[in-house]
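Chain residues, written in single-letter form:
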Amino acid sequence: MDVKELNLEELQHEHPLTLVDLQLMHRDYIEDDDEYDDNDLITTQNFKCICNRCDRGIDWYHRYYYKCSMSSCTYSLHKFCEEIPPSLKFQGHPSHTLILKRTTNNRKCCACLKYHRDGICYHCSTCNYGIDQLCATFVEQNTIHHPSHPHPLIPVSVKSILSECSTCQKKHEGHFYQCTTCFNFLVNSDCLSLPIKLSLHTRQFSHRHLLTLSYSLLDQLYDCECRICGVKLEEEHLIYKCSKCMYYVHPDCATQIEPFMFVLLPGLGKNEKNFKDVDHPNLVHLPVDDETHILSHQIFDGKTCVEGRDEKGHLIHSFHDHPLVLISNDTTTSLHNPMKRIKLLCNACIKPITKMPFYKCSTEDDDFVLHYRCIGLPRRLSNHAAHSQHPLLLDNYNFSIGIKCFICGLPCNGFLYECSELEYMIDVNCAFMPKEITHEAHANSNHLLARVDGGSSSSVSKMECRACRVSIAESESYFRCTSCDFYLDCRCALHLPKTIRHKYDKHPLQLSYSPVEDHKSRYFCEVCEEELDPAKWFYHCAECAQSIHSACAPLILQSEQAPRLHCRHPMSLALGTENDGLCGTCGSKLQSHIILKCLYCDFAIHWYHEFPELSLENPPKFFYIYEEKKGMIKERGPQTSLEFYPSEMIRPVTRHWKVVDDDDDDIEKV
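Residues numbered from 1 in each chain as written. Predicted model: local features only at pLDDT ≥ 70, side-chain atom pairs only at ≥ 80, totals over all residues. Heavy atoms only, no water.

### Points about the overall build of the protein
Helix and strand counts for the protein come out as eight helices and 43 strands. Here the protein holds 670 residues, and the buried ones make up 47% of them. Considering only residue pairs separated by 6 or more positions, the protein has 56% of its internal contacts joining residues 24 or more positions apart. Here the protein displays about 35,600 Å² of accessible surface, and carbon together with sulfur accounts for 49% of that area. (Helix = DSSP H or I, 4+ residues; strand = E, 2+ residues; numbered from the N terminus. Buried < 20%, exposed > 50% of the residue type's maximum accessible area, 1.4 Å probe, protein only. Contact = heavy atoms within 4.5 Å. Areas by Shrake-Rupley, 256 points an atom, 1.4 Å probe, with all protein chains shown as cover.)

So this is what it looks like as structure tokens:
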């Protein structure tokens, strides 16, 4: 081999070189950091140029490279090509140290058996052994750097292998990279090649902000689910996120959206319609537009509580002492309007009366009112799906508080259907549950949700309501998708309208099924003043950035109902907040409890002090306990640290040196 001495100064470029860190922006990058532009991040990750010494490519995964400080010069070098040492200890020739030399291109490299292409080599003069620069820097050429891991990564094998990726916890068949420090960190090339910024705009899924590749969810406030497949995201896996909107997706879901993905995915299912409208003429489409609620879709049958009419033609109702007059096209009568502090709630269903006609007590000082449709409520229900063993009779509980409906679990002080044989009560809204519904939160209302009555056998071991994330017991009635694993309990399906009104917000609050766009801060409920988990359904006003628990929303109307006298002023049923302070009777906190609150002074007590005969340790099952319905925000544990080395590795054990026939019973078998 013809070699000549080489001075490193001969390799120097004519201009000064500058070391560039291609991943400077991506390391410890904070989403929406004003210091970096999204386009700069994308451009840098796609960077490519040619090394002027080895003629190989330089890319983002090399992390570092040298470039000429002159803007007019395009001279570039790999960091390891610029920093080549004058001597080298090479494992292929361990007996001697190799020295950097010049060589001709017509000589073969002793490592790769190919002709030299770069004009320099590492050479042993004793053995006439030489390798070219590419073989000398082979490890550096194939080492990659990635923001997802603090240490360099090297290829595991030239051939494809089947193994589990440490970043996504899935098995891949392909090329893997091994950490040079963390013995148990193995990552697939598909995960390494994901873009740090992603624009998601498809026919089925779209998000108006760029998504950022993140390497863990440990900094998130709430449990998160993939917006495409609906599966819970793991804390230490790769995800694409928009923290501005708390929008998270799996990388596989975001980059491989195909029609087959919509078959039996949890919480999604296919978007194609799975029923024909003509086959379901009485199908109820939810949610309803406002709080007038589900009874507007019902046709009642049976004897009602109307006993006739008086001489003036006014209605006589068995649940009220005075005749009821029909109010229709009356401009002097005000309808329910919380913004104007006008309360007009039906005494039967405890829902707002927002349009005429309706019935009102004929006396001026009596506020008893009924929806036009609630006049037709039947007095008796037989063979009710949730309680078929006895008939249910209509009764009036307008002067009670804390009565719990056995189906939805919500408090009710309106009309109730009760069993005279057992302690079983349901409100009038749940008494007429539809058999089939659709809901816009699931498959864009294209999937049929069938009612499953309590006590029915189910092959599913664990059912969870998609709205409140509370487990559904087999004894409960609920709605289930006929095509996929989507469940709603009756309260969330029937009692949550599309919009609600609150007297402290001039805008309607919209029912939200996931975190809202452009709301990066934490969520707090305006009713109970506790933290709110946006992974569960809730109400939100985007203009005022106000939110309300879905568990608190149905109680807004109840809190405006049933005033009582305790002090010298009327008392109102309400949800206790931090500002309500301590109970005037027992001295304990009122926050997140049902309370009786004075409308004029600061006096407030727990509602159960009105019932001293009840035991709070074991209350009757028909009394409502608000705390049972509140979900807890997840408390995250300490961040886990990466284990560099396993405690023990399997070592080879030499097998027995004898090989014997199976028929030879006298010799020990291997």
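### A closer look at helix 1 (residues 38-45)
Those residues of helix 1 that fall on the buried side of the exposure criterion are L41, T44 and Q45. End-on, the buried residues of helix 1 take up no more than an arc of 95 degrees, which puts them together on one face. Across from the buried face of helix 1, at angles greater than 90 degrees, the exposed residues are N39 and T43. As for helix 1, its buried residues are in contact with strand 16 (197-198). (Arc of directions from axis to C-beta.)

### Side note on the pattern of salt bridges
On inspection of all chains with the given rule, the structure shows 15 salt bridges. Notably, a salt bridge pairs D21 with R63, separated by 3.1 Å at the nearest N-O pair. Taken together, the residues span a long stretch of sequence, with D21 in strand 2 (residues 17-21) and R63 in the loop between strand 4 (57-59) and strand 5 (64-68) at a distance of 42 residues. A relative accessible area of 16% places R63 in the buried class. Its salt-bridge partner being K170, residue D252 comes within 2.9 Å of it at the nearest N-O pair. Of this pair, D252 sits in helix 6 (residues 251-255) while K170 sits in the loop between strand 12 (161-164) and strand 13 (171-174); the two residues are 82 residues apart in sequence, bridging distant segments of the chain. Linked through salt bridges whose partners overlap, the residues forming this network are R208, E517 and D518. (Salt bridge = Lys/Arg side-chain N within 4 Å of Asp/Glu carboxyl O.)

### Let's talk about the pairing of strand 30 (residues 436-439)
For strand 20 (residues 284-286) and strand 30, the ladder comprises three bridges, and the chain directions are parallel. Within the sheet, the bridge partner assigned to H285 lies in strand 30 and is T438. Both strand 30 and strand 31 (residues 449-452) contribute to a ladder of two bridges, which runs antiparallel. Looking at strand 31, one finds that E436 is bridged to A450. (Pairing = 2+ DSSP bridges.)

### As for the sheet that holds strand 5
One open sheet accounts for three strands, arranged 2-5-6; its pairing is antiparallel. Each of the sheet's edge strands pairs with one partner strand only, and the pair in question is strand 2 and strand 6 (76-78). With direction set aside, neighbouring strand axes in the sheet form an average angle of 30 degrees. With five bridges connecting them, strand 2 and strand 5 associate as antiparallel partners. Its bridge partner being in strand 5, L17 is matched across the sheet by C68. (Axes fitted to C-alpha atoms, helices over the stretch in contact; angles between N-to-C directions.)

### As for the packing of aromatic side chains
For the structure on display, the rule yields 10 aromatic pairs. When the ring centre of Y64 is taken as reference, the NZ or CZ atom of K79 above it lies at 5.9 Å. (Phe/Tyr/Trp six-rings, centres within 6.5 Å; stacked < 30°, edge-to-face > 60°. Lys NZ or Arg CZ within 6 Å of the ring centre and 35° of its normal.)

### Let's talk about the environment of D518
With respect to the helices and strands, D518 occurs in the loop between strand 35 (505-512) and strand 36 (523-524). On a C-alpha basis, the gap between D518 and C242 in space is 9.4 Å, while along the polypeptide they are 276 residues apart. Once residues within four sequence positions are removed from consideration, D518 is found in contact with R208, H209, K244 and C245. A distance of 3.2 Å separates the side chain of D518 from the side chain of H209, its partner in a polar contact. (Polar contact = N/O pair within 3.5 Å; in protein donor to acceptor, adjacent residues only side chain to side chain.)

### Some words on the side chain of Q45
Looking at the element boundaries, Q45 is found in helix 1. Q45 sits in the buried class, given a relative accessible area of 10%. Polar side-chain contacts of Q45 include one of 3.1 Å to the backbone oxygen of L194. Residues contacting Q45, with those up to four places away along its chain left out, are H26, W60, Y61, L194, P195 and I196.

### Side note on the sheet that holds strand 29 (residues 424-427)
If you trace the four strands from one edge of the open sheet to the other, you get 26-27-28-29, paired in antiparallel fashion. The outermost strands of the open sheet, each flanked by one partner alone, are strand 26 (380-381) and strand 29. Here four bridges tie strand 28 (residues 415-419) to strand 29, and the two strands are oriented antiparallel to one another. Residue pairing in the sheet places L416 in a bridge with D427 of strand 29.

### Considerations on the pairing of strand 34 (residues 499-502)
Pairing analysis gives three bridges linking strand 34 to strand 35, with the strands arranged antiparallel. From the neighbouring strand, H502 faces strand 35, where its bridge partner is D505.

### Comments concerning unusual backbone geometry
With an omega dihedral of 0 degrees, the bond running from L286 to P287 counts as a cis peptide bond. Locating P287 in the fold gives a position in the loop between strand 20 and strand 21 (306-309). Residue P357 follows M356 across a cis peptide bond; omega there is 5 degrees. One non-glycine residue, I350, lies in the positive phi region at around 60 degrees. Note that I350 resides in the loop between strand 23 (324-327) and strand 24 (358-361). Of note in the backbone geometry, N444 takes a positive phi value of approximately 55 degrees without being a glycine.

### With respect to the environment of H390
Structurally, H390 can be placed in the loop between strand 26 and strand 27 (392-396). When the C-alpha atoms of H390 and E418 are compared, they prove to be 9.6 Å apart, with 28 residues separating the residues in sequence. Not counting residues up to four positions away in its chain, the partners in contact with H390 are C419, E421 and L422.

### Regarding the side chain of H540
Mapped onto the fold, H540 is located in strand 38 (residues 538-541). Classification of H540 by relative accessible area gives buried; the value is 5%. Engagement of the side chain of H540 in a polar contact is seen with the backbone oxygen of Q546, the distance being 3.3 Å. Among the polar contacts listed, one links the side chain of H540 to the side chain of S547, at a separation of 2.7 Å. If we ignore the near neighbours within four places in the chain, the residues touching H540 are L509, Q510, S512, V516, H519, Y523, A545, Q546 and S547.

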